[in-house]
Amino acid sequence: MEFTELIQKRYSVRAYKSDPVEKDKLDHILEAARMAPTAANRQPFRLIVTRTEGRISDLKRVYDRDWFFQAPLIICACAYPEKGWVRYDGKSYVDVDVAIAMDHLILAAANLGLGTCWIASFNVDAARDVFGLPEELDPIVLSPLGYPKDQPSPKERKALSDLVHYEIW
Ligand SMILES: Cc1cc2nc3c(=O)[nH]c(=O)nc-3n(C[C@H](O)[C@H](O)[C@H](O)COP(=O)(O)O)c2cc1C
């Protein structure tokens, strides 16, 4: 897809077909995340790819929405806080790094006709347990990955004038 069309077409998919995600497509999507820029090129993230089949009761503990485990795969994007770049004033950029990698992944998925949905309101303790995360790894965002079964709604966005302030002319 042309880039402008891609960013218009990507939407939060909240109904999925159970059709499998082809391995070459998954590899392509993960490679897009690998190419993401990170602060000081620290690459302080880890993507956990989980199959949903046979794991519904576990996954319900993480995020209790039927559409969450309809897709064949779930991606859990995690940060290594100790490995990320920290600014002089103490601000860590690990969450930004994870978000950029996840956005690359999500746009690459949309470009292949696959659906995703950013999920932040999950149960962190359950995610740690279900995805087997070590203590040094923080789960930041989840997404199902699968073929969409729903249709996008019209995009609701603020006007550009509410989001941009020009100081240069
Ligand atoms: C950081 C982040 C966290 C989000 N968390 C959730 C979530 O927990 N559950 C959910 O259903 N959608 C979640 N969303 C999806 C947003 O609601 C959605 O992106 C927004 O309403 C715009 O709609 P669109 O993605 O279809 O363009 C999240 C999005 C972002 C970027």
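The structure we're discussing is the one just above.
What you see is a predicted model; the values in this text were computed from it and never measured.

Visitor: Tell me about the pattern of salt bridges, residues and numbers included.
Guide: As enumerated under the stated definition, the model contains ten salt bridges in all. One salt bridge in this structure joins D138 and R128, with 2.7 Å as the shortest N-O distance. Taken together, the positions of D138 in strand 3 (residues 138-145) and R128 in helix 5 (residues 124-130) put the pair ten residues apart, joining distant regions of the chain. Exposure remark for D138: the relative accessible area of 27% places this residue in the partly exposed category. What makes R128 partly exposed here is its relative accessible area of 22%.

Visitor: Outline the site of the ligand, supporting the account with residue identities and numerical values.
Guide: Of all residues adjacent to the ligand, which total 13 residues, the nearest are S12, W118, S121, K155 and R157. Between the ligand and the protein, one listed contact pairs an oxygen atom with a side-chain N or O atom of S12 at 2.6 Å. At 2.7 Å, a side-chain N or O of S121 approaches an oxygen atom of the ligand. Against a free-state accessible area of 620 Å², the protein chains account for coverage of 59% of the ligand. Of the residues assigned to the shell around the ligand, the class counts are seven nonpolar, two polar and four charged.

Visitor: Report on helix 4 (residues 94-111), specifying residues and quantitative values.
Guide: The end-to-end C-alpha distance of helix 4, which contains 18 residues, comes to 26 Å, matching closely the 26 Å that a straight helix rising 1.5 Å per residue would cover. Looking only at helix 4, the buried set comprises V94, D97, V98, A101, M102, L105, I106, L107, A108, A109 and A110. Contact partners of the buried residues in helix 4: helix 1 (3-9), helix 2 (23-34), strand 1 (45-51), strand 2 (73-79) and strand 3. With its phi angle positive at about 85 degrees, G113 sits one or two positions after the end of helix 4.

Visitor: Residues and numbers for the environment of R10, please.
Guide: Inspection of the secondary structure assignment puts R10 in the loop between helix 1 and helix 2. Overall, R10 belongs to the buried group, its relative accessible area being 16%. For the pair formed by R10 and W118, sequence separation is 108 residues and the distance between their alpha carbons is 11 Å. Each residue touching R10, except ones within four places of it in the same chain, is listed here: I106, L107, A110, K155 and R157.

Visitor: I'd like a rundown of the sheet that holds strand 3, residues and numbers included.
Guide: Spatially, the three strands line up as an open sheet ordered 1-2-3, and their pairing is antiparallel. Single-partner strands in this sheet number two, and they are strand 1 and strand 3. Taken over all neighbouring pairs, the strand axes of this sheet differ in orientation by 20 degrees on average, direction set aside. Of the pairings in the sheet, the one linking strand 2 to strand 3 comprises seven bridges and is antiparallel in character. Residue pairing for strand 3: I74 is matched across the bridge by P144. Its contacts with the sheet place helix 2 against strand 1, strand 2 and strand 3, and it is angled at close to 160 degrees to strand 1.

The rules behind each value
- Residues numbered from 1 in each chain as written.
- Predicted model: local features only at pLDDT ≥ 70, side-chain atom pairs only at ≥ 80, totals over all residues.
- Heavy atoms only, no water.
- Salt bridge = Lys/Arg side-chain N within 4 Å of Asp/Glu carboxyl O.
- Helix = DSSP H or I, 4+ residues; strand = E, 2+ residues; numbered from the N terminus.
- Buried < 20%, exposed > 50% of the residue type's maximum accessible area, 1.4 Å probe, protein only.
- Near = heavy atom within 4 Å.
- Polar contact = N/O pair within 3.5 Å; in protein donor to acceptor, adjacent residues only side chain to side chain.
- Areas by Shrake-Rupley, 256 points an atom, 1.4 Å probe, with all protein chains shown as cover.
- Nonpolar A, V, L, I, M, F, W, Y, C, P; charged D, E, K, R; others polar.
- Expected span 1.5 Å × (residues − 1).
- Contact = heavy atoms within 4.5 Å.
- Pairing = 2+ DSSP bridges.
- Axes fitted to C-alpha atoms, helices over the stretch in contact; angles between N-to-C directions.

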